[in-house]
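Architecture and fold: a report
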Amino acid sequence: MSNVIKLLPDHVANQIAAGEVIQRPASVVKELMENAIDADAKKIQLILKDSGKMLIRVVDNGKGMNPEDSRLAFERHATSKISRGEDLFFIKTMGFRGEALASIAAVARVEMISKMPGAELGTRILIEGSEVTLQEPHATVEGTSIAVKNLFFNVPARRKFLKSDKVELRRIIQEFERIALGFPEISFSLFNDDKELMRLPAATLKDRILAVFGKNLNDKLFPFNEETDYLKLTGFGVKPQFCKKSRKEQFFFLNKRFFKSGYLHHAVKGAYEGLLQPDEQPSYFIYLEMDPTLVDVNVHPTKQEIKFQDERMMYNMLRVTVRHGLGKHQLTPTLDFDSDRGHQILSSGSPQRDSDQTGGRTSSFSPKQPEKRDSDNWAEIFEGVRKEMSTSNLPEQFTIDGKSQERPYGKYFQLFNRFIAVQTKMGLLIIDQRKAHQNMLYRHLLKSLESDSGNTQTLLFPQSMEIPASEVPILDELLPTLQKTGLQIEHFGGNTFVIHGTPAIWTEDIEPDEMLSHLLENYRLSGDVKNLNKRISASMARSFGITERKTLSEEELKTLIEQALNEEPESDALHLNSSVVVNAEGMMKLFKK
Ligand code: ADP
Ligand code: MG
């Protein structure tokens, strides 16, 4: 009987190993960029074609390789970074398994050109599915350029498994950002199909963060730092009033390497306790530096999870340091006045109440008051209704008089510069004036969007704005739709967009970048493309609506009441529902209390 056990040929073994390390273009990007960093490059370029499916080229100005190493680099377990088992405990470099290049070469066509500083000539080497097809001396600059072409050309199942260009590009940008944020002292650039998507000159940490996520983040960050014998912790958090619902700007780095940790995230969340709405997430950029022997980075194949020896200590230190940063910058007292919180009707009280509640508390760590429950709001509103009724000349009975039947409502008045109380057949209608206004704008925007008839108000000085690079493809996709509303916006290049004109309904106190960032946020959160027009209109309307408290003219009051009475049921789903009716029964209950 012949042997049934066979040794796998090398190229097959490599392909299997590749499956673990190289899952998609973004994995190649990560490995190649990390290698460039390990080679002490000060400048790294990433060049893509077709979102990496056709070509991924990484060019660095690092220490290069001699001809022999150029070839060895593609052997499995070939690494210059460790040579003994014990070395595993002293790892400072990004890669160390010596698997990445061998894996990449097993599933793509690779061309590498490399030269060491001082050498006269460099080396050019071609490899296809693990076979070296050419190696020759080559005149070139110092450093290394590796081009990975036709990824998975010999593994059709994998190739088919790849997502759309947009998705793969987003993943690449994500890897690129994680690396760029870890190494602000290195300059990076990113091109896709000859378009420059990012250019990041060497910078301080804060400037790097701003270069990646846009300058408008500048005023939203607060710094913190702490140092003990074991651990150095520095970073920035996003001030609570600017935190959002999605979790995306959450970055941990250990010795400059990005990692994920649900446990440490929990610590940061704890630091923000009482400062965020239940559905909001803190954003942060946290850099830990410690002796590498106290961490095991070898637990995850793509090295994104890390095991710390003393996790509890880290947890506590993180929580206290971030909390302290929040306190030092006195971010807590302003929170209650953030006007764009929650879209829920009747969700906050009158100004007098707000100051009563925070009065006397000066500690910057004092937690934000929990949201008042609806019933408290009701009590407050009815207190106001009672007062108004006793001073205004309303009829004794709260009914609609026969003469004004052509109008479906009776007496009305404004409450706290914020609500409108109206007598209707159904009962007392309480309107949130801001919501009603938003709802009106929503209909207007939706109409112009659907009929492509939005009027534009041209800006005297076009406004430019930067957005996070990962959102660029999303905004690009939305541009034609936005233009129909009258918003004239153009992709200027990189992550810069220029606004030339705004919808005619635009009010001055709207920051275009805030409006767009809400829009992108909403878009990303729900992710579905159904009802796109409606969702865009709703999101813009929410940004455009009048400020929360405003004295309204008679004309404005009437317009908003008409609006509220004609609201469509779908308003609710779009968070634009503006009114509630209190019928006789409800009134009885409330007044009895
Ligand atoms: P690892 O990074 O785990 O050592 P790789 O397969 O990624 O394994 O790389 C193998 C070896 O090739 C590295 O140890 C390094 O010596 C060399 N190498 C790879 N990329 C570069 C580069 N851009 N510049 C210089 N040397 C490199
Ligand atoms: Mg490597």
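Note: the structure precedes this text.
The structure contained in this document is the topic of the report that follows. (Residues numbered from 1 in each chain as written. Chains lettered and ligands numbered in written order. Predicted model: local features only at pLDDT ≥ 70, side-chain atom pairs only at ≥ 80, totals over all residues. Heavy atoms only, no water.)

1. Examining the overall build of the protein
Put simply, the rule is: Numbering goes from the N terminus for both helices and strands, where a helix is a DSSP run of H or I of at least four residues and a strand is a run of E of at least two. Buried means the residue's accessible area, taken with a 1.4 Å probe over protein chains only, is under 20% of the maximum for its type, while exposed means over 50%, and partly exposed covers the values in between. Any two residues whose heavy atoms approach within 4.5 Å at even a single point are treated as in contact. Here the accessible surface of atoms and residues is derived via Shrake-Rupley with a 1.4 Å probe, and residues count as covered only by protein chains that are part of the display.
When helices and strands are tallied, the protein shows 17 helices and 22 strands. Each of the 593 residues in the protein was classed as buried or not, and the buried ones make up 49%. Sequence-distant contacts, at least 24 apart, represent 70% of the contacts inside the protein between residues at least 6 apart. Counting only carbon and sulfur atoms, one obtains 52% of the accessible surface of the protein, whose full area is about 29,400 Å².

2. A word on helix 12 (residues 433-451)
What counts, and what does not: The span expected for a helix works out to 1.5 Å for each residue beyond the first. The definition of a polar contact used here is a pair of N or O atoms within 3.5 Å, where within protein one atom must be able to donate a hydrogen and the other to accept one, and adjacent residues in sequence count solely through side-chain atom pairs.
A rise of 1.5 Å per residue sets the reference length of helix 12, with its 19 residues, at 27 Å; its end C-alpha atoms lie 27 Å apart and thus fit the reference within 8%. At the N-terminal boundary of helix 12, the capping side chain belongs to D432, with an oxygen 3.1 Å from the backbone nitrogen of R434. A positive backbone phi angle near 55 degrees is found at D452, which sits one or two residues after helix 12.

3. As for the sheet that holds strand 11 (residues 250-254)
The strands that make up a sheet are held in pairs by hydrogen bonds between backbone atoms, and each pair lies either parallel or antiparallel. Convention followed: At least two DSSP bridges between two strands are required for those strands to pair. To obtain each axis, a line is fitted to C-alpha atoms, and for helices this fit is confined to the stretch in contact; angles are then taken between N-to-C directions over 0 to 180 degrees.
Taken in spatial order, the 5 strands of this open sheet run 9-10-13-11-12, and their pairing is mixed. The sheet is open, and its two edges are formed by strand 9 (221-227) and strand 12 (257-259), each paired on a single side. The average undirected angle you get between the axes of adjacent strands in this sheet is 20 degrees. Examined bridge by bridge, strand 11 and strand 12 share 3 bridges and lie antiparallel to one another. Of the residues in strand 12, the one forming a bridge with L254 is R257. On the sheet, helix 6 (residues 165-182) packs against strand 11, strand 12 and strand 13 (284-290) and is oriented at approximately 55 degrees with respect to strand 11.

4. Remarks on empty space enclosed by the protein
Operational definition: Buriedness for pockets is judged along seven lines, at least five of which must meet protein on both sides within 12 Å for an open set on the 1 Å grid over protein atoms alone, while cavities are sets there where a 1.4 Å probe fits but cannot get out, and lining residues have an atom within 4 Å of a point. Grid points are joined across faces, edges and corners, and a volume is the space filled by probe spheres set on the points.
All chains considered together, the criterion is met by 3 cavities of 30 Å³ or more. Of the volumes computed, that of the largest cavity is approximately 230 Å³. Lining the largest cavity are 20 residues, with N216, L217, K220, K244 and S517 positioned closest to its centre. Where the lining of the largest cavity is concerned, the elements lending two or more residues are strand 19 (456-466) and helix 14 (512-526). Ranked by the residues each element gives to the lining of the largest cavity, the list is headed by helix 14, at 4 residues.

5. With respect to a negative patch on the surface
Rules: Only residues whose relative accessible area exceeds 30% and that form no salt bridge are eligible for patches; like-charged ones are grouped when within 9 Å, while nonpolar side chains (Val, Leu, Ile, Met, Phe, Trp, Tyr) are grouped when within 5 Å. What counts as a salt bridge is simple: a side-chain nitrogen of Lys or Arg found within 4 Å of a carboxyl oxygen of Asp or Glu. Under the counting rule used here, the positive set is Lys and Arg, the negative set is Asp and Glu, and His together with the chain ends is not counted. By convention, the charge on Lys lies at NZ, on Arg at CZ, on Asp at CG and on Glu at CD.
On the surface, E226, E227, D229 and E289 cluster together into a patch of negative charge. Along the polypeptide, E227 turns up in strand 9. Residue E227 is classed as exposed on the basis of its relative accessible area, which comes to 54%.

6. Some thoughts on the pairing of strand 10 (residues 231-238)
The buried count for strand 10 comes to 6 of 8 residues, which makes it a mostly enclosed element. In this structure, the hairpin formed by strand 9 and strand 10 is closed by a connection of 3 residues. In the sheet, strand 10 pairs with strand 13 via 7 bridges, with the strands oriented antiparallel. Within strand 13, the position partnered with L233 by the bridge is L288.

7. Some thoughts on helix 13 (residues 472-484)
We count it as follows: By definition, a residue's bend is the angle between the axes fitted to the seven residues ending there and the seven starting there.
Across its 13 residues, helix 13 extends 19 Å between first and last C-alpha, which sits within 8% of the 18 Å expected from 1.5 Å per residue. Approximately 45 degrees is the largest bend angle found in helix 13, and it occurs at L478, with the proline P480 only one to four residues beyond. Listed in full, the buried residues belonging to helix 13 are V472, P473, I474, L475, L478, L479, T481 and L482. Just downstream of helix 13, G486 is the residue with a positive phi angle, here 105 degrees.

8. Some remarks on the packing of aromatic side chains
We count it as follows: Aromatic rings from Phe, Tyr and Trp, taking only the six-membered ring of Trp, are treated as a pair when their centres fall within 6.5 Å; an angle between ring planes under 30 degrees marks them as stacked, one over 60 as edge-to-face, and anything in between as tilted. Comment: the charge-over-ring label is applied if NZ (Lys) or CZ (Arg) is within 6 Å of the ring centre and within 35 degrees of the ring normal.
A complete count under the given rule lists 14 aromatic pairs for this structure. On the numbers, 5.6 Å between centres and 50 degrees between planes, the contact of F213 with F285 is tilted. Here the residue F213 occupies a position in helix 7 (residues 205-213), and F285 occupies one in strand 13, the gap between them amounting to 72 residues. When its relative accessible area of 6% is taken as the criterion, F213 is described as buried. Through a chain of ring-to-ring contacts, three or more aromatic side chains come together here, namely F213, F251, F253, F258, F285 and Y287. For the cation-ring pair, R109 lies above F153, with the distance from its terminal atom to the ring centre recorded as 4.1 Å. Stacked on the ring of F161, the Lys or Arg K163 has its end atom at 5.5 Å from the ring centre.

Don't take any of this as a statement about function, it's just geometry.
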